[in-house]
Amino acid sequence: MAECPFCREIYSGMPDRCPHCGEDLSAVNAKKPQPVRAVKSKVVAALLAFFLGETGAHSFYLGYKKRGVIQAGGLAALIAGYACSAAAVLNDSMAIYVVSLGFLLCGAAVCIWAFVDFIRIVSGSLEPADGTIYTEDWSAYVRAMQAAEAAVTPKDSAKRLETLARLRQQGVLTEEEFEQKKAGLLKKL
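Right, let's walk through the structure included here. (Residues numbered from 1 in each chain as written. Predicted model: local features only at pLDDT ≥ 70, side-chain atom pairs only at ≥ 80, totals over all residues. Heavy atoms only, no water.)

### Re helix 5 (residues 94–123)
Helix length check: helix 5, at 30 residues, gives a terminal C-alpha distance of 43 Å against a target of 44 Å (1.5 Å per residue), a fit within 8%. When we look at burial in helix 5, the residues that qualify are Ser100, Gly107, Val110, Ala114, Asp117 and Ile121. The elements touched by buried residues of helix 5 are helix 2 (42–52), helix 3 (57–62) and helix 4 (65–91). Of the residues flanking the start of helix 5, the one acting as N-cap is Ser93, its side-chain oxygen 3.4 Å from the backbone nitrogen of Ile96. (Helix = DSSP H or I, 4+ residues; strand = E, 2+ residues; numbered from the N terminus. Expected span 1.5 Å × (residues − 1). Buried < 20%, exposed > 50% of the residue type's maximum accessible area, 1.4 Å probe, protein only. Contact = heavy atoms within 4.5 Å. Polar contact = N/O pair within 3.5 Å; in protein donor to acceptor, adjacent residues only side chain to side chain.)

Structure below.
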């Protein structure tokens, strides 16, 4: 849901024109926040998940702190499971063996979770927690944004200039943004 800056009516989605007053909303919709420059590497995240996944290193790297702590706890459970199984063998105790089995199963679950995270990172479905994109995907993102801007052709340049001027007056666009958009429209004429 969004509010039209011209008539103040609420609309849903991202239409090109306001369904109530008919004003051009392309400049308003273009002002949506863009992802910040990528700083996380997909290769590093995948390697961390594959080799150190049970420590939660990849989760910490991607910004998922709670998941990282849980996964590190799984590593602690795995270590405790091995220690308990050694104690069970030395003491010949079935109760300690059952406890060690519980710890080992918990640790194994975290290892499987880390491998699933590895697959999700490689496939691109597990992205950094801060909403950025991976550095390997940045050039494709920039090309897609440039293609989207090039595909937009003004049908009514005068109307668009008026709309941009109103958006600047209302404070939706800064002076710099207005000048950039205006220059872009005038280039297309």
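### Things to note about the pattern of salt bridges
For the structure on display, the rule yields two salt bridges. Here Asp117 makes a salt bridge to Arg67, at a shortest N to O gap of 2.7 Å. With Asp117 in helix 5 and Arg67 in helix 4, this residue pair connects regions lying 50 residues apart in the sequence. Overall, Asp117 belongs to the buried group, its relative accessible area being 1%. Arg168 is the salt-bridge partner of Glu175, the closest N and O atoms lying 3.4 Å from each other. You can call Glu175 partly exposed: its relative accessible area is 44%. We classify Arg168 as partly exposed; its relative accessible area is 28%. (Salt bridge = Lys/Arg side-chain N within 4 Å of Asp/Glu carboxyl O.)

### Examining the packing of aromatic side chains
Throughout the structure, instances matching the rule amount to three aromatic pairs. Where Phe50 meets Phe118, the ring centres are 5.1 Å apart and the plane angle is 55°; that geometry is what we call tilted. Placement of the pair is Phe50 in helix 2 and Phe118 in helix 5, with a sequence separation of 68 residues. A residue is classified by how much of its surface remains accessible, and Phe50, at 44% relative accessible area, is partly exposed. (Phe/Tyr/Trp six-rings, centres within 6.5 Å; stacked < 30°, edge-to-face > 60°.)

### Overview of the packing of helix 4 against helix 5
Helix-helix packing is described using two parameters, namely the angle between the two axes and the distance between the axes. Closest axis-to-axis distance for the helix 4/helix 5 pair is 7 Å, and the angle between their directions is 145°. Crossing of helix 4 over helix 5 shows left-handed handedness. (Axes fitted to C-alpha atoms, helices over the stretch in contact; angles between N-to-C directions. Left-handed = near helix turned anticlockwise from the far one by under 90°.)

### A word on the nonpolar core
Generally speaking, nonpolar side chains in soluble globular proteins are found buried as a group. Counting residues in hydrophobic clusters, the biggest one holds seven residues: Ala45, Ala46, Ala49, Leu62, Ile121, Leu126 and Tyr134. For this core, the leading source of residues is helix 2, giving three residues. Among the nonpolar cores identified, the runner-up in size contains five residues, and Leu167, Leu173, Phe178 and Leu185 belong to it. (Core = buried A, V, L, I, M, F, W, Y, C linked by side-chain atoms within 4.5 Å.)

### Some words on the state of the cysteines
Under the defined criterion, the tally for this structure stands at zero disulfides. In this structure Cys106 is not part of a disulfide, and its nearest cysteine sulfur, from Cys111, lies 9.9 Å away. (Disulfide = S-S within 2.5 Å.)

### Some points on the environment of Ala83
Residue position: Ala83 is located in helix 4. The class of Ala83 is partly exposed, set by a relative accessible area of 45%. Along the chain, Ala83 and Phe103 lie 20 residues apart, while their C-alpha atoms are 9.7 Å from each other.

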